[in-house]
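# Overview (structure and organization)
Listed below are the residues making up each chain.
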Amino acid sequence: MSIKVGIPRALLYYYYHPQWVTFLRRLGLETILSRETTRGLLEQGLKSTVDEACLPVKLAVGHVLDLRGRADYIFLPRIVSTARKEYICPKFLGLPDMVRHTIDDLPLIIDCSINLYHKGSSPADFYFRVGRYFTRNPAKIIMAYQASVTALDKHRSDMQSDGLPAGREHTVNGSGDGSGITIAVIGHPYVIYDNYISMNMIKRLRKSGVRVLTADCLPETLVREEASRLPKKLFWTINQRMVGAAYHFFSREDVHGLIHVASFGCGPDSITGELIERCARDGSRKPLLSLTIDEHTGEAGMVTRLEAFLDMVRWRRNLNNVAATF
């Protein structure tokens with residue numbers, strides 16, 4: 001019987017899951033994903049997490065609990081930094097310890113560190129440490145790592161063409177009349193791509209006939225170039241990407257509005273939101289909708305705000321079209 005490794009469907013899973021799954025399977029392991037987010041799964045995380053934790057971390061704990069009893073190992077890397085001189089949220093760094101000391105009867109946790117902050121660091125080091133849990137054959141680890149890099153490159157290429165990770169495609173528009181409207185949705189991937197906590201926001205927009213773009217539609221070089229307009233570099237990698245994408249979308253004529261989705265209790269999000277709002281006020285006439293969500297956010301209120309926002313975007317676009325005829 002093959003060894004089963006569980007992967008929580010949370011946090012940076014939405015960026016790296018093709019690489020993680022490919023690497024582990026090339027080592028001869030069976031990968032098991034936690035189930036899609038539900039209210040019950042979220043409530044499990046809420047009961048096992050301190051109140052001060054943000055919604056994505058609470059949800060990640062729920063996904064870990066969902067894997068208990070279903071896997072021999074749980075893949076929960078300690079993510080410190082994914083780019084030189086930048087950091088990921090400190091709660092990511094402490095998540096393996098939080099889980100280990102609050103949840104009983106868990107299988108062995110694979111919590112090797114990903115830290116690319118310093119010059120000369122390489123993601124290959126992380127994969128070698130993970131691989132040595134299961135094999136002492138370095139050639140096997142190297143081949144698995146090379147295959148995983150290819151899978152990640154393809155995933156990023158697909159994301160730039162559609163802006164959604166695998167399993168989140170909503171390419172068929174509904175019967176709603178979007179009138180050629182394009183909306184950019186900016187937020188952490190583990191918020192906007194999780195159908196439950198985002199309340200199917202992207203799917204709702206596309207069913208209304210709206211073309212949806214995300215930060216993941218854009219090349220990394222472009223996003224960083226746009227973010228360099230800030231007087232000081234943001235050292236949070238994902239938030240820097242969000243700000244750079246927002247600056248780019250505000251300057252594009254084919255984007256008619258922008259939605260920024262933040263998590264309540266997220267410190268970096270509070271700064272990111274302020275930067276995006278300042279850009280909207282000072283350098284753009286495009287409508288901006290700022291949404292903050294937590295475990296108490298109601299679907300009805302979110303839907304009402306989305307509908308009102310789309311009405312405003314259509315009105316603004318029609319007004320500009322009329323003005324252009326004079």
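Source: prediction; values computed, not measured.

### Points about the pairing of strand E1 (residues 4-7)
By the bridge criterion, four bridges tie E1 to strand E2 (residues 30-33) in an arrangement that is parallel. Following the sheet pairing, Gly6 is matched in E2 by Ile32. In this fold, the crossover linking E1 to E2 by way of helix H1 (residues 13-26) has right-handed handedness. Summarising the sheet, E1 and strand E3 (residues 73-75) pair through two bridges and their orientation is parallel. For Gly6, the partnering residue across the bridge sits in E3 and is Ile74.

### Observations regarding the packing of helix H3 (residues 55-67) against helix H4 (residues 90-102)
For any two helices packed against each other, one specifies the crossing angle of their axes together with the interaxial distance. At their nearest, the axes of H3 and H4 sit 11 Å apart, and the two run at 40° to each other. Looking at the two axes, H3 sits oblique to H4. For the pair H3 and H4, the sense of crossing is right-handed. Between H3 and H4, the residues in contact are Val57, Ala60, Val61 and Val64 and Lys91, Leu95, Met98 and Val99, respectively.

### Let's talk about the nonpolar core
Leu12, Phe23, Met201, Leu205, Phe249 and Ile259 are the most contacted members of the largest nonpolar core, which has 100 residues in total. Excluding residues within four positions of it along the chain, Leu12 makes contact with His17, Trp20, Ile79, Ile88, Phe92, Tyr190 and Ile238.

### Remarks on the pattern of salt bridges
Evaluated as defined, the whole model comprises 22 salt bridges. We note a salt bridge from Asp216 to Arg241, for which the minimum N-O separation is 3.6 Å. Note that Asp216 is positioned in the loop between strand E8 (211-214) and helix H9 (220-227) and Arg241 in helix H10 (residues 237-251), a separation of 25 residues in sequence. Like Arg241, Asp216 is buried. With a closest N to O distance of 2.9 Å, Glu220 and Arg224 form a salt bridge.

### Concerning unusual backbone geometry
Of note, Asp105 is a non-glycine position whose phi angle comes to about 60°, a positive value. Note on placement: Asp105 falls in the loop between H4 and strand E5 (108-110). We note that Met199 has phi near 55°; this positive angle belongs to a residue other than glycine. Tracing the backbone shows Met199 in the loop between helix H7 (189-192) and helix H8 (201-207).

### Some words on the environment of Arg70
Along the chain, Arg70 turns up in the loop between H3 and E3. Arg70 gets classed as partly exposed once you look at its relative accessible area, which sits at 26%. Along the chain, Arg70 and Gly6 lie 64 residues apart, while their C-alpha atoms are 7.5 Å from each other. For Arg70, the residues in contact, after removing those within four places along its chain, are Lys4, Ile32, Leu33, Ser34 and Arg35. In this structure the side chain of Arg70 is engaged in a polar contact, spanning 2.9 Å, whose partner is the side chain of Asp66.

### Regarding the packing of aromatic side chains
Per the counting criterion, the structure on display carries 15 aromatic pairs. An aromatic cluster is present here, built from Tyr15, Tyr16, Trp20, Phe23, Phe75, Phe126, Tyr127 and Tyr145 joined pairwise through their rings.

### Notes on the sheet that holds E2
Pairing is parallel in the open sheet, where four strands are placed in the order E2-E1-E3-E5. Bordering the open sheet on either side are E2 and E5, each of which pairs with just one other strand. Geometrically, the sheet is characterised by an average inter-axis angle of 30° between neighbouring strands, direction not taken into account.

### A word on the sheet that holds strand E10 (residues 288-293)
Pairing within the open sheet is parallel, and its four strands lie in the order E8-E7-E9-E10. Strands at the two margins of the open sheet, each flanked by one partner only, are E8 and E10. Sheet twist, expressed as the average angle between the axes of neighbouring strands with direction ignored, equals 25°.

### So, the state of the cysteines
All told, the structure shown has zero disulfides when counted by the stated rule. Left unpaired, Cys266 is separated from the closest cysteine sulfur, that of Cys54, by 5.9 Å. Judged by relative accessible area, Cys266 falls into the buried class, the value being 16%.

### Considering H10
Relative to the 21 Å expected for 15 residues at 1.5 Å per residue, H10 spans 22 Å between its end C-alpha atoms, a close match to the ideal helical length. Taken across its 15 residues, H10 has 14 buried, putting it largely inside the fold.

### Considerations on the pairing of E10
Burial of E10 is one-sided: the residues Leu289, Leu291 and Ile293 facing one way are buried, the residues Leu288, Ser290 and Thr292 facing the other way are not. Examined bridge by bridge, strand E9 (residues 257-263) and E10 share six bridges and lie parallel to one another. Among the inter-strand pairings, Leu258 is bridged to a residue of E10, identified as Leu288.

Calculation criteria
- Residues numbered from 1 in each chain as written.
- Predicted model: local features only at pLDDT ≥ 70, side-chain atom pairs only at ≥ 80, totals over all residues.
- Heavy atoms only, no water.
- Pairing = 2+ DSSP bridges.
- Helix = DSSP H or I, 4+ residues; strand = E, 2+ residues; numbered from the N terminus.
- Right-handed = clockwise from strand over helix to strand, strands pointing away.
- Axes fitted to C-alpha atoms, helices over the stretch in contact; angles between N-to-C directions.
- Parallel < 35°, antiparallel > 145°, perpendicular 65-115°, else oblique.
- Left-handed = near helix turned anticlockwise from the far one by under 90°.
- Contact = heavy atoms within 4.5 Å.
- Core = buried A, V, L, I, M, F, W, Y, C linked by side-chain atoms within 4.5 Å.
- Buried < 20%, exposed > 50% of the residue type's maximum accessible area, 1.4 Å probe, protein only.
- Salt bridge = Lys/Arg side-chain N within 4 Å of Asp/Glu carboxyl O.
- Polar contact = N/O pair within 3.5 Å; in protein donor to acceptor, adjacent residues only side chain to side chain.
- Phe/Tyr/Trp six-rings, centres within 6.5 Å; stacked < 30°, edge-to-face > 60°.
- Disulfide = S-S within 2.5 Å.
- Expected span 1.5 Å × (residues − 1).

All we've got here are geometric facts, nothing functional implied.
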